[in-house]
Amino acid sequence: MPNTRVVITGAGVISSLAHNRQDLLAALLNRACGVRAMPEWADTLPPDTVAAPVTLDQDAVMKIDRRFRRSMGPAALFATLAAAQAVAESGLSEDILGSGRAGCSVSTTMGSASSIMESCSLLLQGRQDYISAQQFFKSAAHTAAFNVANAMGLRGVQLSPCSACASSLQAIGVAYEQILLGRQDVMLAGGSDEVTPSVTLTFQQLFAQAENKENRPPDQISRPFDVARTGLVCGEGAGIVVLESLEHAVSRGARILAEVTGYATMSSGEHISQSDQRAIGRCMTAALADADLRPEDVDLVSAHATGTRQGDAEEAAALRDLFGANTPVSSLKGHLGHTLAASGAIELVAVLEMLAQNIIVGTKNLTAAGPDCAGLDHVQANRTASIGTFVKNSFAFGGVSAVLVGKAFA
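Here's a quick rundown of the structure. (Residues numbered from 1 in each chain as written. Predicted model: local features only at pLDDT ≥ 70, side-chain atom pairs only at ≥ 80, totals over all residues. Heavy atoms only, no water.)

Looking now at the environment of Gly73. Mapped onto the elements of the fold, Gly73 is located in the loop between helix 3 (66-69) and helix 4 (74-90). Residues Gly73 and Thr55 lie 18 residues apart in sequence; the distance between their C-alpha atoms is 14 Å. Excluding its chain neighbours within four sequence positions, the residues that come into contact with Gly73 are Ser112, Ser115, Lys138 and Glu194. (Helix = DSSP H or I, 4+ residues; strand = E, 2+ residues; numbered from the N terminus. Contact = heavy atoms within 4.5 Å.)

Laid out in structure tokens, this is it:
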């Protein structure tokens, strides 16, 4: 359906800083940071280990029908709470949600990491009889997708792309394509993830976890693009957006937050763990072509930029080649840590609020760009700006790139 346009009519977020996008932007503008020390992990990891965990609102959790809540680990809870926000804002009726023309595309990295670890621990202790019958449903890779679908009464397409830290942006891109193809009128799309000792330990083993040799306070350890960056800090949460065909949104009088105009995802074909400037550049170029835009048309790049030495350098090189120093570039991982599969969606939700308020959040802890990240218009302090068109980047182990292009609705 070549004339179909896809718009965003609702957005929800659960993060270490806030549980709605308005409060999230306020926290970001105040230079708040969700990263803290994790002494509760001291049995597994050094006591100075840091992360950006979510504190759930238990009253909100208890409002989820028990029939659905009992099969949810934290990843599914985060996603369902964010989806409920997005659906409420969009004004979607139960009839539309249950029509068969509304579906979801929601991702996690590996299901509920904490539930998987709990099951393994009980098995190793020989206490398999203590494993809940619901444990599989919490642990399944598509737990966020089917739990959101059931809790929201969706009867359409259910998808759950699983590509590590590119997962939620792929989920949104796949949902966008479903609507373009005319297969669905409405899609709830995004992703969620959990931070656990095992997740953090995995990044340590890959030499990607931030080191704190300079004994910085927790809120200064995640340093995207900075000369003193040493690695990423893990976080958690969820971001969900409601995508609709423009025709469907207009027909029901929905308020439109933004329009999705382009998307691309591809493999580097080079390396499973090292970022690749050429692959990143190819993906951004393809996404811009899908949106029928030139690099000079873009007003903001919301970078992936996790704070790793090589990842940030490769993304910066690709951005330099495509945009030069002419396009503002910002990363939110200094505030939120790297929320893994949820990162693309959470950061997109924040960008939507930046569009609404005509402001770009500066990259926290970027005091001086590393020489390998120089040559860009790094937004270091909050900047007033009219954002017409934006690019959102997400990259992942496995050589995966995903890029979404959007714009203010007109």
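That covers the picture; the talk isn't over yet.
With eight of ten residues buried, helix 8 (residues 143-152) is to be regarded as a mostly interior element. Of the residues making up helix 8, those classed as buried are Thr143, Ala144, Ala145, Phe146, Asn147, Val148, Ala149 and Met152. Of the residues trailing helix 8, Gly153 is marked for its positive phi of about 70 degrees. (Buried < 20%, exposed > 50% of the residue type's maximum accessible area, 1.4 Å probe, protein only.)

Of note, the phi angle at Ala305 is positive, near 25 degrees, even though the residue is not glycine. Judged by relative accessible area, Ala305 falls into the buried class, the value being 0%. Even without being glycine, Asn358 reaches a positive phi, approximately 55 degrees. With respect to the helices and strands, Asn358 occurs in the loop between helix 15 (343-357) and strand 11 (359-360).

This brings us to the layout of surface pockets. Of the volumes computed, that of the largest pocket is approximately 550 Å³. Around the largest pocket, the lining comprises 34 residues; the ones closest to its centre are Ser273, Ser275, Thr308, Gly311 and Phe397. Broken down by secondary-structure element, the contributors of at least two residues to the lining of the largest pocket are helix 12 (277-290), helix 13 (309-323), strand 14 (389-396) and strand 15 (400-407). The biggest single contributor to the lining of the largest pocket is helix 13, with five residues. (1 Å grid on protein atoms, 1.4 Å probe; cavity = no way out; pocket = protein on both sides within 12 Å on 5 of 7 lines; lining within 4 Å. Points joined across faces, edges and corners; volume = space filled by probe spheres on them.)

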